Structure formats: structure tokens, C-alpha cells
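# Topology and contacts: notes
Below, each chain spelled out in residue letters.
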Amino acid sequence: MRFDNSRESSNVEDRRGGGGGGLPIGGRGIGLGTIVLALVAMYFGVDPSIVLNQAVQAPAPSSASRPAGPPANDAETVFIRHVLAETEDTWSQIFRANGKAYVEPTLVLFSGATRTACGVGQAAMGPFYCPADRKVYIDLAFYQELKTRFKAPGDFAQAYVIAHEVGHHVQNLLGISGKVQAARERAGEREANALSVRLELQADCLAGVWAKNADAARGILEAGDVDEALRAATAIGDDSLQKQAQGYAVPDSFTHGSAEQRVRWFRRGMESGQLNACNTFQARAL
């Protein structure tokens, strides 16, 4: 990726290091057994935050009352600030073109675990978005997992992860997330999972819309970047994760979509660059 014409976002909150809102592992914090349950839940299509929030009633850490410090200036953190700024500039322009105002999210860097308005966030959950506080949460150790365990290295693979979570923020601002959550609460498990898949695939498509428009405006993409994102989308498809965890896939339990579906919807957003290309809820076939 190229950031020759890109600024750095100021909407990054760093909770790493001396606690900054993190939570202890073990003791009265998150026990190892809870983390294992959360991982199992994630692989079998259950929202891991449900397990974590039910299991954890942790005291606030002494450092939680202190404001988080400014993000470090290591290359990885600077990269994240650039990517987040690209999403801010791109979505602000798209929202303006549609007569709306874009509200920028905050991206929180944390280590291990942290408090969120959606409950306790844990690194085992991977990067996630909390609609209640409009924040994206990332433990940067995930990027090492993406490179080594999931065989999806590259800077644009990392940018795709951020863009996907920002896509959830866009859904939240447009009122889509709330409608889907309300529908999921009324539905049975199978139908609720299917709705989650459509929500996640739409976020993949929105990540593609961002990439198309950001590149058109500021030339951020280099040769091979799109392939990096497609490898990441393939690696974290529900079927890929379930086969890695248990040797086989259970489609009815999918909550994010298969590898093929995730690639298809990212490509659709990337090729069109248009919001209206991402209506997964009207699509007969995903």
C-alpha cells in the first residue's frame, strides 16, 4: 500500500502497555477456561461475547480510570493510523454524496482484554466492532496470527480487516445493524445465523467499496494488494475456520460466510465502488 497522499487519523486510542483499560487474565478476570469456551463458541457460530459477558464480572483494573496514552509511533501503529484515516476520508465523501454526515469511529488498540460498551472484549475474539460505543477493537497480535496461522500476510490483508470492521460502523450509522439485531432476536438459531452471514458479507462488500474509492482518490493500492485481501477473506471464512478446528464444516452454523462468499462480496464492492452493490439482504444467492 502507498500512503504518499494520506494523513494519519487522530481517532486511535491506545490501551496497550500499562493497562490502559485492559483486564487481567485469570484470578477474578477472564479465566483460561472462559477463553477456551469463547474460542469454541466462535468456531461453532456462537457469538463469543455472549460467553465472555456471562462468565466475567471483573473488577475495574487500577489503570482503567487513567486516560489511554497516545498511540506509539512504531511502524505497525503508524500504518493503522493511515488506514483508519483512509476510511474516514473515503466514507465521509461517500456519505456526503448521499446527503448524509459520516461520524468517525474510534479504533482501540489493546492487549489481551479490555472493557467495551458491549461487554468484555478479548483477543481470542479477533478484531471486532462495538455498535454501542462506535469503536473498533484490535489486539495487534491478531495480525501475527493472520500471517502465520492463516497464511495471509501483507499490509493490505491487515487493511482489509480494519475496513471490514469499519464496514460494521457504516452499517450501524445507516441503521442496518439495529434492524438485523432485532430480527435475529425474533428468529430461531438457524435464521439468526443466516442474518449474521448477510450482515458480515455486506461488511466485506463495504470494505471493497472503500478500497475502490480510496484508490481512485489517492492511489493507495500496489500490485498484489487485492490478492492479499482475498487470501485473508478466504482464510477467515467460516468453512476454513471450522475445518481447521474440527476437520469439517457445518454450514447452518456459519455466522460470517464461507471463504467463497467472503471473496465474492469483497470483489463485488471492489469492482463497483457503490453502496447499492452491497445489499446482501436482497440477494437471492450469496
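Residues numbered from 1 in each chain as written. Predicted model: local features only at pLDDT ≥ 70, side-chain atom pairs only at ≥ 80, totals over all residues. Heavy atoms only, no water.

### Quick look at the packing of aromatic side chains
Taken as a whole and assessed by the stated rule, the structure comprises nine aromatic pairs. Considering the side-chain rings of W91 and F95, the 6.4 Å spacing of their centres and the 90 degrees angle between planes classify their relative orientation as edge-to-face. Here the residue W91 and the residue F95 both occupy positions in helix 3 (residues 75-97), the gap between them amounting to four residues, near one helical turn. Comparing W91 with F95, the two get one shared label, buried. For the pair F142 and Y143, a centre-to-centre distance of 6.3 Å together with 55 degrees between the ring planes defines the contact as tilted. In this pair, the class of F142 matches that of Y143, namely buried. Connected via pairs of aromatic rings, a cluster forms that spans W91, F95 and Y102. Over the ring of W265 we find R268, and its NZ or CZ is 4.0 Å from the ring centre. (Phe/Tyr/Trp six-rings, centres within 6.5 Å; stacked < 30°, edge-to-face > 60°. Helix = DSSP H or I, 4+ residues; strand = E, 2+ residues; numbered from the N terminus. Buried < 20%, exposed > 50% of the residue type's maximum accessible area, 1.4 Å probe, protein only. Lys NZ or Arg CZ within 6 Å of the ring centre and 35° of its normal.)

### Brief notes about helix 3
With 23 residues, helix 3 ought to run about 33 Å at 1.5 Å a step, and its terminal C-alpha atoms sit 33 Å apart, in line with that. Within helix 3, 17 of the 23 residues are buried, which leaves it mostly tucked inside the rest of the structure. Looking one or two residues past helix 3, G99 carries a phi angle of roughly 70 degrees, positive in sign. (Expected span 1.5 Å × (residues − 1).)

### A closer look at the layout of surface pockets
Its boundaries defined by the atoms lining it, the second largest pocket holds a volume of some 160 Å³. Taken together, R190, N193, A194, V197, P251, D252, F254, G257, Q261 and L286 make up the lining of the second largest pocket. When residues in the lining of the second largest pocket are grouped by element, the largest group, four residues, is from helix 7 (residues 189-218). Residues of the lining of the second largest pocket, tallied by class, amount to five nonpolar, three polar and two charged. (1 Å grid on protein atoms, 1.4 Å probe; cavity = no way out; pocket = protein on both sides within 12 Å on 5 of 7 lines; lining within 4 Å. Points joined across faces, edges and corners; volume = space filled by probe spheres on them. Nonpolar A, V, L, I, M, F, W, Y, C, P; charged D, E, K, R; others polar.)

### Considerations on the state of the cysteines
Using the criterion set out here, one finds two disulfides in the structure. Across a sulfur-sulfur distance of 2.0 Å, C118 and C130 are joined as a disulfide pair. Disulfide C118 to C130: torsion about the S-S bond roughly 95 degrees, handedness right-handed. Within this pair, whereas C118 is found in the loop between strand 3 (113-116) and strand 4 (119-122), its partner C130 is found in strand 5 (residues 128-130), the two being separated by twelve residues in sequence. (Disulfide = S-S within 2.5 Å.)

### Quick look at the nonpolar core
In terms of nonpolar packing, the biggest core is built from 57 residues, with W91, Y143, L146, F156, Y160 and W210 touching the most fellow members. Of all the secondary-structure elements, those providing two or more residues to this core are helix 3, strand 2 (106-109), strand 6 (135-138), helix 4 (141-148), helix 5 (155-173), helix 7, helix 8 (225-235) and helix 10 (259-272). When sequence neighbours within four positions are dropped, the list of residues in contact with L146 reads K151, A152, P153, A157, Q158, V161, A232 and I236. By size, the runner-up hydrophobic cluster in this structure holds six residues, among which are V108, M125, F128 and C130. (Core = buried A, V, L, I, M, F, W, Y, C linked by side-chain atoms within 4.5 Å. Contact = heavy atoms within 4.5 Å.)

### Here we look at the pairing of strand 2
Relative to strand 2, strand 1 (residues 12-14) runs parallel, the two being bridged by three bridges. What sits directly across from V12, in strand 2, is L107. (Pairing = 2+ DSSP bridges.)

### Points about the environment of I138
By the secondary structure assignment, I138 is in strand 6. If near-sequence neighbours (up to four positions away) are discounted, I138 is found in contact with L107, V108, L109, F110, P127, Y143 and I162.

### Quick word on helix 9 (residues 238-246)
Residues of helix 9 that are buried: D238, D239, L241, Q242 and Q246. Projected onto a plane normal to the axis of helix 9, the buried residues spread over an arc of 160 degrees and lie on a single side. (Arc of directions from axis to C-beta.)

### Side note on the packing of helix 5 against helix 7
Two elements in contact, helix 5 and helix 7, have axes whose closest approach is 7 Å; the angle formed by their N-to-C orientations is 115 degrees. At the point where helix 5 passes helix 7, the crossing takes the right-handed sense. Mapping the contact onto sequence places F156, A159, Y160, A163, H164, G167, H168, V170 and Q171 in helix 5 and L199, E200, Q202, A203, D204, L206, A207, W210 and A211 in helix 7. Residues that form the contact of helix 5 with helix 7 fall into these classes: eleven nonpolar, five polar and two charged. (Axes fitted to C-alpha atoms, helices over the stretch in contact; angles between N-to-C directions. Left-handed = near helix turned anticlockwise from the far one by under 90°.)

### Considering the pairing of strand 3
In this structure, strand 3 lies alongside strand 4, joined through four bridges in antiparallel fashion. The partner of A113 across the bridge, within strand 4, is Q122. Adjacent in sequence and paired antiparallel, strand 3 and strand 4 are bridged by two residues.

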